[in-house]
Amino acid sequence: MTTYITVLVVLIFAGLLAIFYYMQKHHAKFSTRTYTALAAGIIFGGIMQIIFGIHHPVIQQSMGWINLVGEGYVAFLQMLIMPLVFISIVGAFTKMKVSEKLGKISTIVLTSLLTTTAIAALIGIGTTMLFGLAGAKFTKGAVETARISELATRQEAIQKMTIPQQILSFIPKNIFADFAGLRATSTIGVVIFAAFVGIAYLGVKRKAPKEAAFFANLIDSLYKIVMRIVTLVLRLTPYGVLALMTNVMATSDFIALVNLGKFVLASYVALFAVFVVHSLILLSVKVNPKDYFKKAFPVLSFAFTSRSSAGALPLNIETQTKALGVDEATANFSASFGLSIGQNGCAGVYPAMLATIVAPAVGMNVFSLEFILMLIVIVTISSFGVAGVGGGATFASLIVLGAMNLPVAIVGLVISVEPLIDMARTATNVSGSMVAGIVTSAKIKELNHEVLKDESKVMDVHV
């Protein structure tokens, strides 16, 4: 009987996919298809959990097939990450009209990312205190116990590395290994290598303009090919979103959500507060937050659903350049740097909240200025090299907790609700990188306000 029901569930899912294919063939807007898929996934996955429960064999078997679409889509996006990061950053150098702006662009982007991360950490600390979570105790079950054991092993490996060794780990010793993503810091390794290639190009441009022009044309051709591949993959977005959201709703432990509801609520309040900060920063450069969020909603909603900052990279760059009026060089820098540096949600809010929760257990006074400043500094420094490909928040939390000499058990205790929080964290990460792009473009006087205010200029994938 279970097999027949599983087949029925999969057929219903296939029917939903057929509906979105029909919408695509009849040229429904990309955004319309994506938002409809988001809603359909929530409803379909929610109904499945209500009927069967998360541990039912039907859920487990049907999710195996449904995840072929969701995880397959994310895998296609991840396939593009390293080549897109490399081509985007090198292309930022070749497209730069004035090379003197290089230092200014990179400085403002990095400053924006790190500043917003520091503010996000402060918000995380404040929200934890506001909700009375400092020193809170959470229930430990079998799943949490297993996770804590795994995390202890991971933290031991991290703690063996001194800060200078961690910094050295960013440097790409074997760029081909980093292109393959074999290290936790592979993304930032590719970023560093691409920056060296770009700087080398600028040197060649001064001494051998003919060869430099050939290289620039080659990179431009590769960029167009990669972006064409991106377009082909993005056409699959509604199908991927439907599958991913169905999986989240069907497999999330809502009982655990109720038990840890206070922590989840505090997390969402903190992350919402970071969006408010983003709005204030945009106002400081005379950009209407309403215009920004309206244009950014497609990529933010995708980041929310996919839980992958790296997966959202193509949409991030496209949205900045085509909808928000950011110049190409800045958009490529901010989107690419934002994958591994200064992630507001995963490397800012989350580690700060966890550290504040467990600090009283080891006798630390979380209300002291010394604790708050030390935690903010450690969180900001630790935000370097946090890859946006899943698990980044865990990696960042282990570094912060280890640096503060705090127990890692808290990371395992919240594992049951971590996916739900990760959705908002990822959207916050992407927003932080996009805000950095807008601020930088405005500061170097390259922001196209006409594109930003033009409601017809939206991110869409033509079929």
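Residues numbered from 1 in each chain as written. Predicted model: local features only at pLDDT ≥ 70, side-chain atom pairs only at ≥ 80, totals over all residues. Heavy atoms only, no water.

Draft legend 1. Seen up close, the overall build of the protein chain. Scanning the protein chain from terminus to terminus reveals 21 helices and zero strands. Looking at the protein chain as shown, the accessible area adds up to about 20000 Å², and 68% of this sits on carbon and sulfur atoms. (Helix = DSSP H or I, 4+ residues; strand = E, 2+ residues; numbered from the N terminus. Areas by Shrake-Rupley, 256 points an atom, 1.4 Å probe, with all protein chains shown as cover.)

Draft legend 2. A look at the nonpolar core. Residues F263, F333 and L375 are the most contacted members of the largest nonpolar core, which totals 138 residues. The biggest single contributor to this core is helix α3 (residues 57-95), with 17 residues. (Core = buried A, V, L, I, M, F, W, Y, C linked by side-chain atoms within 4.5 Å. Buried < 20%, exposed > 50% of the residue type's maximum accessible area, 1.4 Å probe, protein only.)

Draft legend 3. Examining the environment of V274 more closely. Tracing the sequence through the fold places V274 in helix α12 (residues 261-284). Residue classification places V274 among the buried residues on the basis of a relative accessible area of 2%. Spatially, the C-alpha atoms of V274 and G345 are 8.3 Å apart, while their sequence positions differ by 71 residues. Those residues within four positions of V274 in sequence are excluded, and the remaining contacts are A120, I123, N344, V349 and T428. (Contact = heavy atoms within 4.5 Å.)

Draft legend 4. Structural view of a nonpolar patch on the surface. Taken together, F76, M79, F214, L218, L222, I225, I229 and L236 make up a surface patch of nonpolar side chains, about 730 Å² in accessible area. For the nonpolar patch, the elements supplying multiple residues, two or more each, are α3 and α9 (209-234). A per-element tally of the nonpolar patch places α9 first, with five residues. (Patch = residues over 30% accessible without salt bridge, like charges linked within 9 Å, V, L, I, M, F, W, Y side chains within 5 Å. Salt bridge = Lys/Arg side-chain N within 4 Å of Asp/Glu carboxyl O.)

Draft legend 5. Region of the structure containing the confidence of the model for the protein chain. The predicted model of the protein chain averages 83 in pLDDT, with 88% of residues at 70 or higher. The weakest mean pLDDT in the protein chain belongs to helix α5 (residues 142-159) at 52; the strongest belongs to α12 at 94. (pLDDT = per-residue confidence, 0-100.)

Draft legend 6. α3, seen in detail. Here α3 is 39 residues long and its end C-alpha atoms lie 54 Å apart, about the 57 Å a rise of 1.5 Å per residue gives. N67 marks where α3 bends most, by close to 40°. (Expected span 1.5 Å × (residues − 1). Bend = angle between axes of the 7 residues up to and from the residue.)

Draft legend 7. Molecular detail of the pattern of salt bridges. Under the definition given, this model contains five salt bridges. In this structure, E318 engages K322 in a salt bridge whose closest nitrogen and oxygen atoms are separated by 3.0 Å. In this pair, E318 and K322 both sit in helix α14 (residues 313-322), four residues apart, roughly one turn of the helix. Note on K322: relative accessible area 46%, which makes it partly exposed.

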